[in-house]
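An overview of the molecular structure
What follows is the residue order along each chain.
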Amino acid sequence: MFTKQKPGRVNADLSDTGRGALEALVHGWGVVPVHCVVPVEEDADGEVTTWCCSCKRGEDCPTPGGHPLFENWEQKIIETADEIGELWTEYPVLNVGVRTGVRHGVALQIEGVWEDPLSVISLREQIGFVPRTPKAISCSDAETYFFLYPHGYSCQEMPSISLGPDVTLRQDHDYVILPPSVAENFMVEDEEWVWEVGLDEPLAELPEALVGLGGLPHEV
Ligand SMILES: [Zn+2]
């Protein structure tokens, strides 16, 4: 579990994404280190023109800078400030994610805002009022809302479930990317994930229409 950070030590030299990881940890989330994008080619002026994922697939990676650093990531959740300090000191540009599920919370991810606005409109009608709760915006304008894990479901397993084109409720055994991760065009400011409502906002209850979706009994 979370080990209280030593004042003034771990924080001092951490990169932006390292601080993002620490903030998530302080708010009770298990941290998932995520691959980042790295420069491949520069033009004559030294401007980077091509980026690729830091994973071994490099330019062939389908989700550059958007998947966990470790293949067995669920066994390697970071739960202490010291581990964050060590990892992000060694690899300061790593992106950051958190595990979703029973011990932490769930995340509603809406990526289809542009591709399929009708599905998002119908989802919003289905959900009704979305209470104020932490909300992140990705570099491609996808929205991620964070909610409490629903009461009474801790004896069930709730895998993530697709609610429509590019709309996913991330639940047990899943993860989401957090601000201030960055995607391609590393140095362009709005390529960063940003918080619209930060983690200091208490998590709201999951809207009723979404509670229990995809639930299966937990294996004993
Ligand atoms: Zn990759």
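Residues numbered from 1 in each chain as written. Predicted model: local features only at pLDDT ≥ 70, side-chain atom pairs only at ≥ 80, totals over all residues.

**Considerations on the overall build of the chain**
This is how it is decided: Here a strand is any run of E in DSSP of at least two residues, a helix any run of H or I of at least four, and the numbering for each starts at the N terminus. Any residue surrounded by 20 or more other C-beta atoms within 10 Å of its C-beta is treated as buried, while 12 or fewer makes it exposed and the intermediate range makes it partly exposed; C-beta atoms here are placed from the backbone. By the convention adopted here, residues make contact when the C-beta atoms placed from their backbones lie within 7 Å.
Across its full length, the chain holds three helices and 13 strands. Relative to its full complement of 220 residues, the chain shows a buried share of 34%. Sequence-distant contacts in the chain: of pairs separated by 6 or more residues, those separated by 24 or more amount to 74%.

**Some details on the nonpolar core**
Generally speaking, nonpolar side chains in soluble globular proteins are found buried as a group. As a reminder of what qualifies: To form a nonpolar core, buried Ala, Val, Leu, Ile, Met, Phe, Trp, Tyr and Cys residues must be joined through C-beta atoms within 7 Å.
Within the largest apolar cluster, 40 residues are counted, with the highest numbers of intra-cluster contacts made by A21, A24, L25, V31, I84, V98 and L178. At four residues, helix α1 (residues 16-26) tops the list of elements feeding residues into this core. Setting aside residues up to four positions removed in sequence, L178 forms contacts with G20, A24, V96, G97, V98, A136 and W193.

**A closer look at helix α2 (residues 81-90)**
For the record, the criterion: As used here, the arc belongs to the directions running from the helix axis to the C-beta atoms.
For α2, every residue scored as buried is listed here: A81, I84, G85 and W88. Projection of α2 onto a plane perpendicular to its axis shows the buried side chains occupying an angular sector of 100°, all on one side. Where α2 is buried, its residues contact α1 and β1 (31-34).

**Let's talk about the sheet that holds strand β5 (residues 106-110)**
Threshold: The rule for pairing is simple: two strands pair if DSSP sees at least two bridges between them. Every axis corresponds to a line fitted to the C-alpha atoms, with the helix fit spanning only the stretch in contact, and the corresponding angles, defined between N-to-C directions, vary from 0 to 180 degrees.
Pairing is antiparallel across the open sheet formed by six strands, whose spatial order is β9-β10-β5-β7-β6-β12. With one partner strand each, in any of the chains shown, β9 (161-164) and β12 (194-197) form the two edges of the open sheet. For this sheet, the mean inter-axis angle between neighbouring strands, taken without regard to orientation, is 25°. In this sheet, strand β10 (residues 167-170) lies alongside β9 in antiparallel orientation, the contact comprising three bridges. Pairing of G164 across the sheet is with V167, part of β10.

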